[in-house]
Amino acid sequence: MKLVKVEGHSNLYRDSNTGAIINKDLNGYDQYLQSSSSRINAKKEIEQLKNDMKEIKSLLKELINGSRWYKTWKNF
């Protein structure tokens, strides 16, 4: 595989056999991987917060319903 530098682009090379353009910007690739990982982690964290809120809401409903039951039972 022989790579020829693409004019006007410091990190792009063309494979002379296949004509494919190859990007050799490893720093840019690492930054892409880090930002992708950060987005995935943020989505997971948001989903966890949503699940936590659902659980808190459910527990509050149980607490409210339980206290109503207790007040009703206490009056008998």
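Below you will find a few notes about this structure. (Residues numbered from 1 in each chain as written. Predicted model: local features only at pLDDT ≥ 70, side-chain atom pairs only at ≥ 80, totals over all residues. Heavy atoms only, no water.)

What about a nonpolar patch on the surface?
A cluster of nonpolar side chains, namely M53, I56, L60 and L63, defines an oily patch on the protein surface of about 420 Å² accessible area. As for its position among the elements, L60 is in helix α1 (residues 26-74). (Patch = residues over 30% accessible without salt bridge, like charges linked within 9 Å, V, L, I, M, F, W, Y side chains within 5 Å. Areas by Shrake-Rupley, 256 points an atom, 1.4 Å probe, with all protein chains shown as cover. Salt bridge = Lys/Arg side-chain N within 4 Å of Asp/Glu carboxyl O. Helix = DSSP H or I, 4+ residues; strand = E, 2+ residues; numbered from the N terminus.)

A word on the sheet that holds strand β3 (residues 21-23)
Across a sheet, strands are paired by hydrogen bonds formed along the backbone, either parallel or antiparallel in direction. The three strands are arranged β1-β2-β3 in an open sheet whose pairing can be described as antiparallel. The sheet is open, and its two borders are formed by β1 (3-5) and β3, each paired with just one other strand. Strand-to-strand twist of the sheet, defined as the mean angle between neighbouring strand axes without regard to direction, takes the value 40 degrees. As judged from the three bridges shared by β1 and strand β2 (residues 12-15), these two strands associate in the antiparallel manner. Residue pairing across strands places L3 opposite D15, the latter belonging to β2. (Pairing = 2+ DSSP bridges. Axes fitted to C-alpha atoms, helices over the stretch in contact; angles between N-to-C directions.)

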